[in-house]
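A closer look at the structure
If you want the building blocks of each chain, they are given just below.
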Amino acid sequence: MCSSDLKRNPRLQQGEIEIRQVSNGSAAIRASQPAEAQWRPPSAERFASVRAEYFLDDVNAPSKPRASVEALRFETPDGARYKAPLPSFPERSIVRVRFLARRQNGEEIRSGTPGTDEGWRAYFVSPQRDMAAEPHYDLFISNESLRALATNISANPRRITAPDPPGWPRESWNATEPAIFVADNAVYDVHVRYHASKVHRSPERRCFKVKFPRNAPFQGRTRWLLTDKGDFYIAAHGLFSLADLPTAKPFRSVLHLNREPPLTRLAMDDMDGAV
């Protein structure tokens, strides 16, 4: 069922896509629940046809088969929109959707901002979790990227170039790899690397520095740390705060990395420069 009377954002901007669960109009899409995508076109023109294209994103799959479904036009107080039904997917799926509109002359226009992401809007199929105690973050990194990150911090010499001096840090020491980060059902295309000192940085610790695009920051941040530090660091940063000194405000969180068991992680700002 694809209904136009779902709870919708009346301020949906032109060109934007909104996705809701069909059963209750929720922005949180659950497993085995069909969804509906709505698109507000960038103009009031009528198109020869409009379709929604979608695919299940898998960081380990180089080829991602796409499917499409016809979108139907309907009127709202703020203008015309198009709606399209989307099938259900397993929990923790990343699904990307866009709309393609064909004009009478055959030319197609895409939803979203042209030249940036080709109009794709990503959504997350959210598991049922207890979010009251501590926030949960999902991080998806391909096996190839995990191998690259491990290689970046294990070359010889490990961190610096030879000869030493001058011993400049190797370019690959802080090199990042593409990944997908999810928080509060919002999907971010990010870059990540392992995080820790030159002595303690290792793949086994599963500590990450996450870098967000400047045009899509996470809660106003472009950098975020997920570390295995203990509660001592929460107390230590609290003392800095009481002393009115610049400091991060770490807190406990749960990291779901790929299909690995959940990890308790200290989430905090990166204080290496502006945050």
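See the structure printed just above.
A brief structural summary.

What counts, and at which threshold
Residues numbered from 1 in each chain as written. Predicted model: local features only at pLDDT ≥ 70, side-chain atom pairs only at ≥ 80, totals over all residues. Heavy atoms only, no water. Phe/Tyr/Trp six-rings, centres within 6.5 Å; stacked < 30°, edge-to-face > 60°. Buried < 20%, exposed > 50% of the residue type's maximum accessible area, 1.4 Å probe, protein only. Lys NZ or Arg CZ within 6 Å of the ring centre and 35° of its normal. Salt bridge = Lys/Arg side-chain N within 4 Å of Asp/Glu carboxyl O. Helix = DSSP H or I, 4+ residues; strand = E, 2+ residues; numbered from the N terminus. Pairing = 2+ DSSP bridges. Axes fitted to C-alpha atoms, helices over the stretch in contact; angles between N-to-C directions.

Considerations on the packing of aromatic side chains
We describe a pair of aromatic rings using the distance from one ring centre to the other and the angle between the two ring planes. A complete count under the given rule lists 19 aromatic pairs for this structure. Taking the centre distance of 6.2 Å and the plane angle of 55 degrees together, the rings of Phe181 and Tyr188 count as tilted. Exposure class is identical for Phe181 and Tyr188. Each is buried. Through a chain of ring-to-ring contacts, three or more aromatic side chains come together here, namely Tyr137, Phe181, Tyr188, Phe212, Phe218, Trp224 and Phe251. Just above the ring of Phe74 sits the side chain of Lys83; from NZ or CZ to the centre is 5.3 Å.

Digging into the pattern of salt bridges
Between side chains of opposite charge, pairing is possible as soon as their charged atoms come close. Inspection of the entire model under this criterion finds 20 salt bridges. Notably, a salt bridge pairs Arg221 with Asp269, separated by 2.3 Å at the nearest N-O pair. Taken as a pair, Arg221 in the loop between strand E13 (208-211) and strand E14 (223-227) and Asp269 in strand E16 (residues 263-269) lie far apart in primary sequence, 48 residues in all. On the basis of relative accessibility, which here comes to 14%, the residue Asp269 falls in the buried class. Among the ionic pairs, Asp270 bridges to Arg223, the shortest N-O distance being 3.4 Å. Linking Asp270 in the segment after E16 with Arg223 in strand E14, this pair joins segments that are 47 residues apart in sequence. An identical accessibility class is assigned to Asp270 and Arg223; each is buried. Salt bridges sharing partners connect three or more residues here, namely Arg51, Glu53, Arg66, Arg98, Arg102 and Glu108.

Focus on the pairing of E16
Of all seven residues making up E16, five are buried, and the element is well covered by its neighbours. Across four bridges, E14 lies against E16 in antiparallel orientation. By the bridge assignment for E16, Leu225 is matched with Met268. Bridging between strand E15 (residues 251-257) and E16 involves five bridges; their strand directions are antiparallel. When the sheet's bridge partners are listed, Ser253 is paired in E16 with Arg265. Following E15, the chain reverses through five residues before pairing antiparallel with E16; Asn258 in that reversal takes a positive phi of roughly 50 degrees.

A word on the sheet that holds strand E2 (residues 35-39)
Judged by pairing direction, the sheet is antiparallel, and its four strands sit side by side in the order E1-E2-E6-E5 without closing on themselves. The open sheet has two free edges, formed respectively by strand E1 (17-21) and strand E5 (72-76), since each of these has just one partner strand. Within this sheet the neighbouring strands show an average axis-to-axis angle of 30 degrees, counted without direction. Two elements, E1 and E2, share five bridges in a ladder whose sense is antiparallel. Residue Arg20 lies in a different strand from E2, and its bridge partner there is Glu36.

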